[in-house]
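Single-letter residue listing:
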Amino acid sequence: MIPAAFDYAAPATLNEALALLKKHGDEAKVLAGGHSLIPMMKLRFASPGYLVDINNIPGLSYIKEEGGFLKVGALTREVMLEDSEMIHTKYPIFIDASKLIADAQVRNMGTIGGNIAHGDAANDHPAVMLALRAEVVITGEGGARTVPIDEFFFGFYSTAVQPGEILTEIKIPIPAKGSGGAYHKLERKVGDYATAGVAVQLTIDKGTCTYIGIGLTNVNAIPLRAKRAEDVLKGNKITDALIEQAAQFAAEDCSPSTDLRGDIEYKKALVKVLVKRMIHKAMDRVK
Amino acid sequence: MQMEKEITVTINGEAKKAKVEPRLLLVHLIREDFNMTGTHIGCDTTHCGACTVLLDGKSVKSCTILAIQADGKKVSTVEGLLNADGTLAAIQEAFKENHALHCGFCTPGMMMRATELLQKNPNPSEDEIRWGISGNLCRCTGYNNIVKAIQYASAKIRGEALPSTEPIFV
């Protein structure tokens, strides 16, 4: 399968890339890891007239803690999360997610920024970022702006990133002491999208849940934060009864569609099971 | 509209130039422009791993990368695996000795993937090997002997005693 014809540039600076995106407007797409975009172009689901390859732009690939945030450059490859000692020890929720994204070859190319900017509710990082209340830095010719993850996803393949802009960084508030997080998705086989996925991030202070984030993968038109489920736990001592109630609310509040991975009832039941398991796993990881 | 661009790709150590349309996929550049047909096209949808090559040392699926993205980079394919003295590389010897191929279609991709796997982790566990090659499909269901071959190559690379090459029958 061959993509439709397009023109291509691989600028060496962010400013050049932004100028090209502005010039080509709706015709242009950003090429990062390319592992969502190129398959879509090969299938002719997408036929952009111009690709701006940002892979040669230095300074977009990093993982660092700075100013109270974990900062992840948009061009950071999945494999860099897997290979990062800091991520393994302090943010294992990313290892949970990254390990389940496609396969090693895809993770050598696929980027964190692309996984989010693609605006696909079936991707895994959005749910994790919702649970962590990440902020997304979007850069245009006028400068950078920061959008909370809760206001980032508009609809299917539609996000806060406007034509002429590039997602450049994801900022995650460094969790307080006593925090833990976990993610899991059920996939039928390696490389498949999630039948359903659940991310949970929480903080326990003197026995009370002071922070809770629950994000859901591929059970809604856009990545979904299970707010009613969070409210059950926030400010309370986490008990089995409350976990059961939270999981029930998450299952009730998501809107999966029936497809070859399962029907609505099955997927909602799966969300309920995964929410319970991920709350327990996050609690086990609290430190 | 679209114009052909000249690129330079160092493939198995040799710098080659090509004029490409931006939409040309890396696997087609390798097979059709460079006439190296060891890299296979299986599913053409990023699933099967038959087209796996190393791009600047990292295993990638060449059906999902544009040839133009390899401009100025190094590509390694199965044709470049042989040792400098012409003997089989450890991973090739391992596949040969361990009956790790039946039809051979997945083999080049498997060996390229295993090459990076062993470079990053010279002594992987069986689980790490199985997880590590989960992006490569073998439809002759030869995984047991493929895993055994990667264990053999691992021992060979580390200079340890080679494991038995008796095939596993299941």
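Residues numbered from 1 in each chain as written. Chains lettered and ligands numbered in written order. Predicted model: local features only at pLDDT ≥ 70, side-chain atom pairs only at ≥ 80, totals over all residues. Heavy atoms only, no water.

1. A few points about the overall build of chain A
Broken down by element type, chain A carries 11 helices and 14 strands. Taking 2.2 N^0.38 as the reference for a compact globule, 287 residues should give roughly 19 Å; the C-alpha atoms of chain A span a radius of gyration of 19 Å, in line with that estimate. A buried classification covers 58% of the 287 residues belonging to chain A. Considering only intrachain contacts with a sequence separation of at least 6, the fraction spanning at least 24 residues in chain A is 63%. Looking at chain A as shown, the accessible area adds up to about 11400 Å², and 54% of this sits on carbon and sulfur atoms. Of note, chain A has its 33 positive side-chain charges centred 3 Å away from the centre of its 34 negative side-chain charges. (Helix = DSSP H or I, 4+ residues; strand = E, 2+ residues; numbered from the N terminus. Rg over C-alpha atoms; globule rule 2.2 N^0.38 Å. Buried < 20%, exposed > 50% of the residue type's maximum accessible area, 1.4 Å probe, protein only. Contact = heavy atoms within 4.5 Å. Areas by Shrake-Rupley, 256 points an atom, 1.4 Å probe, with all protein chains shown as cover. Lys, Arg positive; Asp, Glu negative; His and termini not counted. Charge placed at Lys NZ, Arg CZ, Asp CG, Glu CD.)

2. Describing the pattern of salt bridges
Residue and element names in this part refer to chain A. Under the defined criterion, the tally for this structure stands at 32 salt bridges over all chains. For the salt bridge of Glu66 with Lys64, the shortest nitrogen-to-oxygen distance reads 3.8 Å. Glu66 sits in the partly exposed class, given a relative accessible area of 37%. The residue Arg133 makes a salt bridge to Glu230 at a minimum N-O spacing of 3.4 Å. Taken as a pair, Arg133 in the loop between α8 (125–132) and β6 (135–140) and Glu230 in helix α9 (residues 227–233) lie far apart in primary sequence, 97 residues in all. Judged by relative accessible area, Glu230 falls into the buried class, the value being 3%. (Salt bridge = Lys/Arg side-chain N within 4 Å of Asp/Glu carboxyl O.)

3. A short note on the layout of surface pockets
Picture a little ball the size of a water molecule; that probe, rolled over the atoms, points out where space is still empty. Quantified by volume, the second largest pocket comes out at close to 500 Å³. Looking at the second largest pocket, it is lined by 18 residues, and the ones nearest its centre are A:Glu82, A:Asp83, B:Leu117, B:Lys120 and B:Trp131. Among the secondary structure elements, those contributing two or more residues to the lining of the second largest pocket are α3 (78–83), α5 (92–99) and α6 (104–109) of chain A together with α3 (107–120) and α4 (126–132) of chain B. Residues belonging to the lining of the second largest pocket are distributed by class as follows: 5 nonpolar, 4 polar and 9 charged. (1 Å grid on protein atoms, 1.4 Å probe; cavity = no way out; pocket = protein on both sides within 12 Å on 5 of 7 lines; lining within 4 Å. Points joined across faces, edges and corners; volume = space filled by probe spheres on them. Nonpolar A, V, L, I, M, F, W, Y, C, P; charged D, E, K, R; others polar.)

4. Description of the interface of chain B and chain A
Of the residues lining the interface, 33 residues belong to chain B; the matching set on chain A comes to 35 residues. In this assembly, chain B packs against chain A so that about 2700 Å² is buried in total across both faces, 58% of it on carbon and sulfur atoms. Three residues, B:Arg23, B:Gln69 and B:Trp131, lead the burial of chain B against chain A; their summed loss comes to 24% of the area buried on that side. In this assembly, chain B and chain A are joined by 4 salt bridges. For B:Lys120, the salt bridge is made with A:Asp83, and the minimal N-O distance between the two is 2.8 Å. At the boundary of chain B with chain A, the tally comes to 12 residue pairs in polar contact (both at pLDDT 80 or more). (Buried area = accessible area lost by both parts, 1.4 Å probe. Polar contact = N/O pair within 3.5 Å; in protein donor to acceptor, adjacent residues only side chain to side chain.)

5. Digging into the packing of helix α2 (residues 90–97) of chain B against helix α5 (residues 143–158) of chain B
Residue and element names in this part refer to chain B. In the contact formed by α2 and α5, the axes pass within 8 Å of each other and the chain directions differ by 135°. Taken together, the axes of α2 and α5 are oblique relative to one another. As α2 packs across α5, the resulting crossing turns out to be right-handed. Taking contact as the criterion, the partners of Ala90, Ile91, Glu93, Ala94, Phe95 and Glu97 in α2 are, on α5, Ile146, Ala149, Ile150, Tyr152, Ala153, Lys156 and Ile157. Each residue belonging to the contact of α2 with α5 can be placed in one class, and the counts come to 10 nonpolar, no polar and 3 charged. (Axes fitted to C-alpha atoms, helices over the stretch in contact; angles between N-to-C directions. Parallel < 35°, antiparallel > 145°, perpendicular 65-115°, else oblique. Left-handed = near helix turned anticlockwise from the far one by under 90°.)

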